[in-house]
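Fold and contact review
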Amino acid sequence: MEEVNMDKPNILVIMTDQQRFDSLGCYGCDFIETPNIDKLASEGVRYENCYVNNPVCTPSRASMLTGKHVNGHGVYQLHDILPEDQPLFTVKLKEKGYQTVLKGKLHVSGRTFERDARNPNDGFDVYSYAMTPHRADGTFNSYGQWLKENKPEFYGKLLELGRNVGNIPPDCHFTYWAAEETIDMIENRSKERPFFCMMSVVDPHDPYSDYPLEALAGVHEERIPKPVSREGEPHDKPEAVQRAHDHGYLGGYHNYSPEDILDMRLGYYASIVFLDEQVGRVLETLEHEGIKDNTLVIFISDHGDMLGDHEQFAKGPFFYDPSVKVPFIMRLPGTIPEGKVVDELVQPHDVGATVLSLAGFEYADIQKMMPGSLDLIAALKGTQPYRDYAVCVFRNTMISDEKVYFDPPIYATMMRTDTFKIVVYHGWDASCGSIEGELYHMKNDTYEQNNLWNHSGYKDIRESLVHRVYNWLVASDMQYNGKRGGEMIPPQSQVSLNNPL
């Protein structure tokens, strides 16, 4: 560890789970009250087009915390384990003198692994881990241990009912616990070292019935919109999208009534109201401690939730904005301009380069560690360009309603440019024939209701974007993976012109 420089800013990452981009007032949501996160956005920068690297928790979180695309860290599916040679960027922050703290969910490896083991290079000095608000057991379950000590009656109820526990009282809730833990860390932090703290909650993830009833006061139920869909959907979409419609992990769309979907949406947004209250408590503590101006605050989510839009639920092998676009806010007074809105494309793995650069690493060195991760503060200052495309991949990542991975497997890649979004569904073996896909003009069709894949007027654009997708796949494969066994090049004296071997 190098000599500590207390002039370096503290870093607080507030990470939510399954929160779609349009679920906050600052992103145009007018039917719930989120004053604290809205204020955070007004004091910093709000990114309008943050696209995740994968639409499912484990690969997405591994991307954010390693600073790499999915093929860079090797976590492709829900239950994969992060390889030992893929450190989180917290390992590097410790080299710059940071105290690194986790309060809540990590999930860069499958939950069964993380229940009883730590990722070897997670880089956290303080590891207050918990995966879910619906389990109270496990070797690593700080939330369950806290409940057992402080809320024994509710602890017993949770052990008995699990995901069926229903509405959780405010002072027993996972989000409340994570906020309490984060507040305690801030108030009792070491004054000798800057801190990196990740407060990671499970709101507004399903099940949607565990919100505190008191949060309903911040929801204008009569204004909650109905799901976005159109006649014939999804039966004119690629076969993989139809399978997700019929066999998503929450069950097929046909199993839910309009009333069921309204209840789902109501619970989802109520949990965000409660989340906002807890975020407000944490931000108030920064101010009370006098460190607001020296703390970078990042608010972000791992992916979104369809909530019935396009007749899909939660997440899966589809790439509509409610699933793959998330809120992303940063605040650092004096460094990040107030009230700025950025329309350019960004991705969660840009968090890696951003925090490491702020901690004092040279950008060239960061690129060796995490190629393609952008320093977003440098981009705000105009000293580094934004990306002109974003990529999101699905590699048979999610389970179906049978609680196993889709069979036959589903592989797909999305590329979002300034104007278009293309989704290519790859064949699952070499014998597969023509590819299927979706193409949307995002300027003219923000709700993605007019698939242009087979439209004759967009044939050239489709083919050009398909080529870009495949070029990206090859280039990133070499950039991230390259040669696994190293190399040994013979000296020039041993190489003849007619026999380079």
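Residues numbered from 1 in each chain as written. Predicted model: local features only at pLDDT ≥ 70, side-chain atom pairs only at ≥ 80, totals over all residues. Heavy atoms only, no water.

Notes on the overall build of the chain
Within the chain, the regular secondary structure consists of 15 helices and 12 strands. In terms of overall size, the chain behaves like a compact globule, its C-alpha atoms giving a radius of gyration of 23 Å where 501 residues would be expected to give roughly 23 Å. Referenced to the eigenvectors of the C-alpha coordinate spread, the extents of the chain come out at roughly 75 × 60 × 45 Å. Within the chain, counting contacts between residues at least 6 apart in sequence, those at least 24 apart form 72% of the total. About 20400 Å² of surface is accessible on the chain, with carbon and sulfur atoms providing 48% of the total. In the chain, 47 side chains carry a positive charge and 74 a negative one; their mean positions are 4 Å apart. (Helix = DSSP H or I, 4+ residues; strand = E, 2+ residues; numbered from the N terminus. Rg over C-alpha atoms; globule rule 2.2 N^0.38 Å. Contact = heavy atoms within 4.5 Å. Areas by Shrake-Rupley, 256 points an atom, 1.4 Å probe, with all protein chains shown as cover. Lys, Arg positive; Asp, Glu negative; His and termini not counted. Charge placed at Lys NZ, Arg CZ, Asp CG, Glu CD.)

With respect to the sheet that holds strand β3 (residues 99–104)
Read from one edge to the other, the open sheet built from eight strands follows the order β4-β3-β5-β1-β6-β7-β2-β8, with strand pairing classed as mixed. Two strands lie at the open edges of the sheet, namely β4 (126–129) and β8 (340–346), each paired on one side alone. Ignoring strand direction, the axes of neighbouring strands in this sheet form an average angle of 15°. The strands touched by helix α2 (residues 57–66) are β1 (10–16), β5 (195–200) and β6 (295–301); relative to β1, the strand with the most contacts, the crossing angle is about 170°. Against the sheet, helix α10 (residues 258–288) contacts β1, β5, β6 and β7 (325–331), and its axis sits at roughly 170° relative to β6. (Pairing = 2+ DSSP bridges. Axes fitted to C-alpha atoms, helices over the stretch in contact; angles between N-to-C directions.)

Details of the packing of aromatic side chains
Applying the stated criterion to the full structure yields 16 aromatic pairs. Plain terms: the ring middles of Tyr 268 and Tyr 269 are 5.2 Å apart, the flat faces sit at 85° to each other, and that makes the pair edge-to-face. On the basis of relative accessibility, which here comes to 0%, the residue Tyr 268 falls in the buried class. If you follow Arg 118 out to its NZ or CZ, it ends over the ring of Tyr 127, 4.0 Å from the centre. Above the face of the Trp 453 ring, Arg 462 is positioned so that its terminal group lies 5.4 Å from the ring centre. (Phe/Tyr/Trp six-rings, centres within 6.5 Å; stacked < 30°, edge-to-face > 60°. Buried < 20%, exposed > 50% of the residue type's maximum accessible area, 1.4 Å probe, protein only. Lys NZ or Arg CZ within 6 Å of the ring centre and 35° of its normal.)

Regarding the packing of helix α6 (residues 142–150) against helix α7 (residues 152–161)
In contact at an axis separation of 6 Å, α6 and α7 are set at 130° when each is read in the N-to-C sense. As the angle between them shows, α6 and α7 are arranged oblique. Taken together, the residues of α7 that come into contact with α6 (itself represented by Tyr 143, Gly 144, Leu 147, Lys 148 and Asn 150) are Pro 152, Phe 154, Tyr 155 and Leu 158. Taken together, the residues of the contact of α6 with α7 sort by class into six nonpolar, two polar and one charged. (Parallel < 35°, antiparallel > 145°, perpendicular 65-115°, else oblique. Nonpolar A, V, L, I, M, F, W, Y, C, P; charged D, E, K, R; others polar.)

Concerning the side chain of His 441
Structurally, His 441 can be placed in strand β12 (residues 436–441). Reaching out from His 441, the side chain makes a polar contact with the backbone nitrogen of Asn 444 at a distance of 3.2 Å. With residues near it in sequence (within four places) discarded, His 441 still touches Thr 419, Phe 420, Leu 452 and Tyr 458. (Polar contact = N/O pair within 3.5 Å; in protein donor to acceptor, adjacent residues only side chain to side chain.)

Observations regarding the pairing of β6
Within a regular beta strand, the side chains point alternately toward one face of the sheet and then the other, so they alternate between its two faces. In terms of burial, β6 is largely enclosed, as seven of its seven residues are buried. Here β6 shows no split at all, with Thr 295, Val 297, Phe 299 and Ser 301 on one side and Leu 296, Ile 298 and Ile 300 on the other all buried. One ladder, built from seven bridges, connects β1 with β6; its direction is parallel. Note on β6: the bridge partner recorded for Thr 16 is Ser 301. Sheet topology places β6 next to β7; four bridges connect them, and they run antiparallel. Residue pairing for β7: Ile 300 is matched across the bridge by Phe 328.

What to know about the pattern of salt bridges
Pairs can form between side chains of opposite charge once their charged atoms are near each other. A full pass over the atoms with the stated rule returns 32 salt bridges. Note that Lys 237 is salt-bridged to Glu 438, the shortest N-O span being 3.7 Å. Of the two residues, Lys 237 sits in the loop between β5 and α9 (239–247) while Glu 438 sits in strand β12, which places them 201 residues apart along the sequence. Accessibility expressed as a relative area gives 1% for Glu 438, which makes it buried. In the salt-bridge network here, residues are joined through shared partners; they are Asp 17, Arg 61, Lys 105 and Asp 302. (Salt bridge = Lys/Arg side-chain N within 4 Å of Asp/Glu carboxyl O.)

Geometry only, nothing functional implied.
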